[in-house]
Amino acid sequence: QVQLVESGGGTVQAGGSLSVSCAASGLHFMSYAIGWFRQPPGKEREFVAAVAWSGNSKYYADSVKGRFNISRDNAKNTVTLQMSSLRPEDTAIYQCAASSTGDYDGGRHYRVASDYSYWGQGIQVTASS
């Protein structure tokens, strides 16, 4: 049974930093790219970042580029999203997801939710102004 479990998150003042982690089990972790998506209140879910199986290819939404960093530890089956310079508009439920699709085409397919087979429950991140 595949499980993706998010941890971390919480509330921070705007301009602050926070990390969220995703722990995976029940799958061959190195066969999957891991992505983060978020859903702000009253809005559609959107892509945030993704990391390919090796950890060498990373992809970011323009809105978080330069502020967020995604990394993975294949020995621990975890992916971490480090968020800095948080803004009120970063407030959302953050979900991690696993994709078995290979790393090609500049990772464009990782920006699409339908590319992912497994999803975590999500965790709240709030940046207060």
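Residues numbered from 1 in each chain as written. Predicted model: local features only at pLDDT ≥ 70, side-chain atom pairs only at ≥ 80, totals over all residues. Heavy atoms only, no water.

J.: Which parts of the structure should I look at to understand the side chain of Ser-99?
T.: Checked against the element boundaries, Ser-99 lands in strand β9 (residues 92-99). According to the relative accessible area criterion, Ser-99 is buried, its value standing at 0%. Within the structure, the side chain of Ser-99 is placed 3.2 Å from the backbone nitrogen of Thr-101, a separation counted as a polar contact. Separated by 2.7 Å, the side chains of Ser-99 and Asp-115 make a polar contact. Contacts of Ser-99, omitting those with residues within four sequence positions, involve Ser-31, Tyr-32, Ala-33, Tyr-110, Asp-115 and Tyr-116. (Helix = DSSP H or I, 4+ residues; strand = E, 2+ residues; numbered from the N terminus. Buried < 20%, exposed > 50% of the residue type's maximum accessible area, 1.4 Å probe, protein only. Polar contact = N/O pair within 3.5 Å; in protein donor to acceptor, adjacent residues only side chain to side chain. Contact = heavy atoms within 4.5 Å.)

J.: Where do I start with the sheet that holds strand β7 (residues 68-73) in this structure?
T.: Where strands meet in a sheet, backbone hydrogen bonds hold them as pairs that are either parallel or antiparallel. Strand order in the open sheet formed by four strands is β1-β3-β8-β7, with antiparallel pairing between adjacent strands. Taken across any chain shown, the strands that pair with only one partner, and hence form the sheet edges, are β1 (3-8) and β7. Neighbour-to-neighbour, the strand axes of this sheet turn through a mean angle of 15°, independent of strand direction. (Pairing = 2+ DSSP bridges. Axes fitted to C-alpha atoms, helices over the stretch in contact; angles between N-to-C directions.)

J.: Help me out: how do you make sense of the nonpolar core in this one?
T.: Here is a general trend for soluble globular proteins: nonpolar side chains tend to be buried in one another's company. Formed by 38 residues in total, the largest nonpolar core has its most connected members in Trp-36, Leu-81, Met-83 and Tyr-94. Looking at this core, the elements with two or more residues in it are β3 (18-25), β4 (33-39), β5 (46-51), β6 (58-60), β7, β8 (78-83), β9 and β11 (123-128). When residues no more than four places from it in sequence are discounted, the contact partners of Leu-81 are Leu-18, Ser-19, Val-20, Trp-36, Val-48, Ala-49, Phe-68, Asn-69, Ile-70 and Tyr-94. (Core = buried A, V, L, I, M, F, W, Y, C linked by side-chain atoms within 4.5 Å.)

Geometric values such as these leave the question of function open.
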